[in-house]
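One letter stands for each residue in the lines below.
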Amino acid sequence: MLRSLVGSEMCIRDSSKTLCSGYDVDCYETMRDDTCRTEAYRTALAQHSEGRVVLDIGTGALALLAIMAAECGAERVYAVETNQEAAIAARQAVQERGMQTVITVVEGYSTEISLPEKVDLIVHEIFGEIASSEGAAHVLEDAFNRHAKDGAISVPLRARTYIAAAEFPAEEYWAQLDHPMLVDPRATSLKLWNFPPHQVLSEFVVLEEMVFGRGMIRMEQQLDSVGLKLNRTGDLGGFVMYITVSFEAQDSEEINSWTSEDGHWASVYVLFPGVHVCEGDTALLSAQVDIRTQAPSYRFMAAVVRGTVPDDGVIGCPGEAELLACDQVVMPWVHTCIP
């Protein structure tokens with residue numbers, strides 16, 4: 001017996017340029033105060049910055065990572081920022097530290113500027129709640145090809161997005177929010193902080209993995225189609241995502257937005273029409289991720305199969321083509337802010 005969740009297509013067209021124009025001081029301070037994130041970057045820069053020429057992409061109003069690199073012994077730092085107000089504030093932050101002879105704030109997009117020299121290290125934090133959604137792959141491929149020496153180091157090295165089937169948050173989740181959350185009824189996804197773990201219905205799997213450096217960006221892994229076995233009875237309302245960021249060559253994940261208590265990344269919850277499911281059912285999830293453009297897009301389709309999917313995988317499952325053919329084009333996701 002097959003029960004369909006109507007497919008949904010979510011195309012995110014919020015390019016990195018649009019995102020940069022919307023940041024304010026509170027946003028930068030929230031990122032600074034994300035202890036796990038900040039300390040992971042500090043540790044990596046302490047290891048790699050000394051004596052090197054550094055490019056900081058998206059330095060922000062606080063010039064936080066550029067100042068860290070300078071404090072860790074960087075010879076020169078080019079701190080690139082496209083938001084005019086943030087660039088002015090960044091210059092002021094650099095001057096207050098007396099670092100203007102080491103740090104040069106460059107106003108503009110990293111994809112459009114030229115630097116006076118090639119750099120040894122690129123530090124960046126242009127990750128969204130879906131890791132690639134702020135255009136990291138596009139921006140960093142250009143940066144490593146145009147601005148970096150051969151063998152230049154990337155800080156960080158890797159970013160992943162994980163996804164799992166989940167219920168729509170229950171009433172108690174919304175009741176505990178400090179302020180009401182207003183949602184466009186056409187929304188295809190929500191950004192939710194502190195998503196309730198007990199409402200996850202399956203194991204998490206990797207949606208995408210980006211590895212940075214050596215003049216290119218490699219998409220090491222991208223989810224095509226998978227069967228997620230549901231581990232309990234409930235009401236499947238969509239799929240929840242979180243990101244991890246890695247700084248070491250081994251399979252470490254120093255930043256984990258799912259487990260971080262003071263993290264500034266929310267979880268993305270992709271909405272599907274709700275359906276009651278039973279323990280042992282399988283949620284079929286098909287995802288197409290296009291991250292090579294300045295405005296990445298994501299397309300998700302889903303269905304529910306009673307029982308277990310055969311071991312030969314989701315592709316070719318009886319009736320799958322018919323189920324997933326009923327997808328609909330929908331509006332872009334909604335950006336929300338929860339204090």
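Here, every reference points to the structure presented above.
Bear in mind that the values here come from a model prediction, so they are computed numbers and not experimental data.

(A) Geometry of the layout of surface pockets. Quantified by volume, the second largest pocket comes out at close to 250 Å³. Residue lining of the second largest pocket: 13 residues in total, with Leu-62, Ile-67, Ala-93, Glu-96 and Arg-97 positioned closest to the centre. Every element with two or more residues in the lining of the second largest pocket is listed here: α4 (64-71) and α5 (84-96). The class makeup of the residues in the lining of the second largest pocket is seven nonpolar, one polar and five charged.

(B) Broad picture of the packing of aromatic side chains. Counted under the stated rule, the structure contains twelve aromatic pairs. Where Tyr-162 meets Tyr-242, the ring centres are 5.0 Å apart and the plane angle is 10 degrees; that geometry is what we call stacked. Here the residue Tyr-162 occupies a position in strand β8 (residues 158-167), and Tyr-242 occupies one in strand β13 (residues 234-246), the gap between them amounting to 80 residues. For Tyr-162, a relative accessible area of 11% translates into the label buried. Geometrically, the ring pair formed by Phe-204 and Tyr-242 is edge-to-face, given 4.8 Å between the ring centres and 80 degrees between the ring planes.

(C) How the structure looks around the environment of Glu-208. Mapped onto the elements of the fold, Glu-208 is located in strand β10 (residues 205-213). Using a relative accessible area of 0% as the deciding quantity, one classes Glu-208 as buried. Separated by 45 residues in sequence, Glu-208 and Ile-163 place their C-alpha atoms 9.3 Å apart. Here Ala-131 takes part through its backbone nitrogen, which lies 3.3 Å from a polar atom of the side chain of Glu-208. Among the polar contacts made by the side chain of Glu-208, one reaches the side chain of Thr-161 at a distance of 2.7 Å.

About the criteria used
Residues numbered from 1 in each chain as written. Predicted model: local features only at pLDDT ≥ 70, side-chain atom pairs only at ≥ 80, totals over all residues. Heavy atoms only, no water. 1 Å grid on protein atoms, 1.4 Å probe; cavity = no way out; pocket = protein on both sides within 12 Å on 5 of 7 lines; lining within 4 Å. Points joined across faces, edges and corners; volume = space filled by probe spheres on them. Helix = DSSP H or I, 4+ residues; strand = E, 2+ residues; numbered from the N terminus. Nonpolar A, V, L, I, M, F, W, Y, C, P; charged D, E, K, R; others polar. Phe/Tyr/Trp six-rings, centres within 6.5 Å; stacked < 30°, edge-to-face > 60°. Buried < 20%, exposed > 50% of the residue type's maximum accessible area, 1.4 Å probe, protein only. Polar contact = N/O pair within 3.5 Å; in protein donor to acceptor, adjacent residues only side chain to side chain.

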